[in-house]
Amino acid sequence: MVSTSNTPQAPHALDLVIDFVNTLDPDEHTDALSSAAALATWLLEARLLDAGAAIPTEAEHRRALRLREALRALMLANNGGGADHEAGRELERIARDGELGVHFTPTGSAGLAAGASGFAGALASLLIPVAEALGDGSWQRVKACRAPDCRWAFYDRSRNRSGVWCEMAVCGNRTKVRAYRAREIRERR
Ligand SMILES: [Zn+2]
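What comes next concerns the included structure.

Criteria and cut-off values
- Per-chain numbering applies: the sequence of each chain, read as written, is numbered from 1 onward.
- Only residues with pLDDT of at least 70 are given local features in this predicted model, and only at 80 or more are side-chain atom pairs given and counted; all residues enter the totals for whole chains, interfaces and linings.
- As a convention, hydrogens and water are excluded, and side-chain values are obtained from all of the structure's heavy atoms.
- Numbering of helices and strands runs from the N terminus; a helix is a DSSP stretch of H or I covering at least four residues, while a strand is a stretch of E covering at least two.
- Residues are treated as being in contact if the distance between any of their heavy atoms lies within 4.5 Å.
- Each accessible area is a Shrake-Rupley result for a 1.4 Å probe, and residues are judged covered by the shown protein chains and nothing else.
- Only residues above 30% relative accessible area that lack a salt bridge enter a patch, with like-charged residues linked at up to 9 Å and the nonpolar side chains Val, Leu, Ile, Met, Phe, Trp and Tyr linked at up to 5 Å.
- One side-chain nitrogen of Lys or Arg within 4 Å of one carboxyl oxygen of Asp or Glu is enough to make a salt bridge.
- To sort residues, take the accessible area from a 1.4 Å probe on protein chains only and compare it with the maximum for the residue type: under 20% means buried, over 50% means exposed, and anything in between is partly exposed.

**Considerations on the overall build of the chain**
Step number 1: Regarding its fold elements, the chain presents seven helices and six strands.
Step number 2: Written out in order from the N terminus, the α and β elements of the chain read α-β-β-α-α-α-β-β-α-α-β-β-α.
Step number 3: Long-range pairs, those at least 24 residues apart, make up 53% of the contacts in the chain with a sequence separation of at least 6.
Step number 4: For the chain, the accessible surface area stands at approximately 11,000 Å², while carbon and sulfur atoms represent 53% of it.

**Some remarks on a nonpolar patch on the surface**
Step number 1: Together, Val102, Phe104 and Leu112 make up an exposed nonpolar region whose accessible area comes to about 310 Å².
Step number 2: As for its placement among the helices and strands, Leu112 is situated in strand 4 (residues 110-114).
Step number 3: On the accessibility criterion, Leu112 (32% relative accessible area) is partly exposed.

**Side note on the side chain of Ser138**
Step number 1: Here Ser138 lies in the loop between helix 6 (128-136) and strand 5 (142-144).
Step number 2: Overall, the relative accessible area of 9% leaves Ser138 in the buried class.
Step number 3: Leaving out residues up to four positions away in the same chain, Ser138 has contacts with Pro11, His12, Leu14, Ala133 and Tyr155.

**Quick notes on the environment of Val164**
Step number 1: Along the polypeptide, Val164 turns up in the loop between strand 6 (153-155) and helix 7 (169-188).
Step number 2: In this structure Val164 comes out as buried when scored by relative accessible area, which is 18%.
Step number 3: Residues Val164 and Arg146, spaced 18 residues apart in sequence, show a C-alpha to C-alpha distance of 6.0 Å.
Step number 4: In this view, Val164 contacts Asn79, Cys145, Arg146 and Phe154; residues no more than four positions away in its chain are not counted.

Such coordinate-based values are descriptive only and should not be taken to indicate function.
Next up, the structure:
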């Protein structure tokens, strides 16, 4: 049996947010959200959109791709990149459109929920794990890989939050190849 004790799940359904950002695969050069129909399929499989919901429009598709890059920018900021104020504003727009707010239940609990249905609500729901993780500091561990040709999203499980590169073996290899090439060039001079 494989031990999973040192690879705990990221809290707050952050894996869903990480998966959303990683729909653009830098290694395979594939995009699981390449069309509005593909986006609908992804949202359905993530249980963010109900079966029978309308396929997102082209404008909504573009909005989802903007959200993906805004989230990636914030994840890069968590990895030593500069603060991205426009990314924060993009998230605010998505939250507003989806009527993301505090939902109080009759039993006395409260939590974030999207008031809007359909696509706007689905996108806003993706921000619930982000908001929850911001509350307890676990968002700081959600990073985009520092390699410019990678930017893969990952949850940094290192004890002191020092992870910089993603966990993709191929990225580690690329980093090594780059370091080797740089050394070779220096040595030739
Ligand atoms: Zn990487």
